[in-house]
Amino acid sequence: HTRCSRDWSSDVCSSDLVASLMFGLENVGRDLLPASIVFGFLLFGALGVWLLVAHSRRIARPLLDLNLVKLPTWRIANFGVWPFRIGMGAHVLLIPMLLQLGFGLSAFASGSITFASAVGMLGMRAMSTPIMRRFGFRKVLIGASMAGSILPLVVLLFTPDTPHLLISLALLIIGLARSLFIAGFFALRYADVPQDRMSGATTLTAMIDQDRKSTRL
């Protein structure tokens, strides 16, 4: 393996980018800070993005390899799936609010119901590989993406009178579909990434994941 010197300029720019954007995004709409300060952090983060892109184009081995966006599979798996991941993250936060604030359940009762979604997501991890081998990666990814997008609409049918067991069953199925979808797109991320660029791909992907979490909040 070729040993590369540390890219200090990218360190500074990326630290500014991640810290400023995440802080700004997490405070949008919370009314904890004046809007001018939140906007200032977002603007400062945008400046970091501009400096980082300009710097990355001038060197061969930047800390964040932005040329990865030229790979269709990596680009689609990270940015094309962004709305789905934001919706999934919001779904996890909104369902407990619906059960507690809308239906008047206690935190314990709400957690006992929504726990089924986590069980579904964890359970699918053991089944995702055999399913993809049996039915094919493309078919499974298309089916899981459709199911993961349509099934959450079932929540619109929930009422305070809906049996808790039925709600748990619905959340279990939603968790299974979403976990299968995520497993497929995680594999797609690195399908066409050359081995010598794998480190840069994992670094940039981790940063994108953190920014996505702030956006969904």
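As a reminder, the structure under discussion sits directly above these lines.
Note that the structure is predicted; figures quoted are calculated from it, not measured.

## A closer look at the environment of Gly24
Summarising the element assignment, Gly24 is placed in helix H1 (residues 8-26). Assessed through its relative accessible area of 0%, Gly24 is described here as buried. Separated by 18 residues in sequence, Gly24 and Leu42 place their C-alpha atoms 5.3 Å apart.

## Some thoughts on the side chain of Thr162
If you trace the backbone, Thr162 turns up in the loop between helix H6 (137-150) and helix H7 (164-189). The buried category is assigned to Thr162, whose relative accessible area is 12%. A polar contact is formed between the side chain of Thr162 and the backbone nitrogen of Thr159, at a distance of 2.9 Å. Not counting residues within four places of it along the chain, the set of residues in contact with Thr162 comprises Leu157 and Ile167.

## A look at the nonpolar core
Counting residues in each nonpolar core, the largest one holds 14 residues, and the members touching the most others are Val81, Phe84, Leu180, Phe181, Phe185 and Leu188. When contributions to this core are tallied by element, the ones reaching two or more residues are helix H4 (82-102), helix H5 (107-135), H6 and H7. Residues in contact with Phe84, not counting those within four places in the same chain, are Ser145, Gly148, Ser149, Arg178 and Phe181. With twelve residues, the next largest nonpolar core counts Leu17, Leu21, Leu64 and Met207 among its residues.

## Topic: the side chain of Ser168
If you trace the backbone, Ser168 turns up in helix H7. Once residues within four sequence positions are removed from consideration, Ser168 is found in contact with Ser112, Ile113 and Ala116.

Rules used in this analysis
- Residues numbered from 1 in each chain as written.
- Predicted model: local features only at pLDDT ≥ 70, side-chain atom pairs only at ≥ 80, totals over all residues.
- Heavy atoms only, no water.
- Helix = DSSP H or I, 4+ residues; strand = E, 2+ residues; numbered from the N terminus.
- Buried < 20%, exposed > 50% of the residue type's maximum accessible area, 1.4 Å probe, protein only.
- Polar contact = N/O pair within 3.5 Å; in protein donor to acceptor, adjacent residues only side chain to side chain.
- Contact = heavy atoms within 4.5 Å.
- Core = buried A, V, L, I, M, F, W, Y, C linked by side-chain atoms within 4.5 Å.

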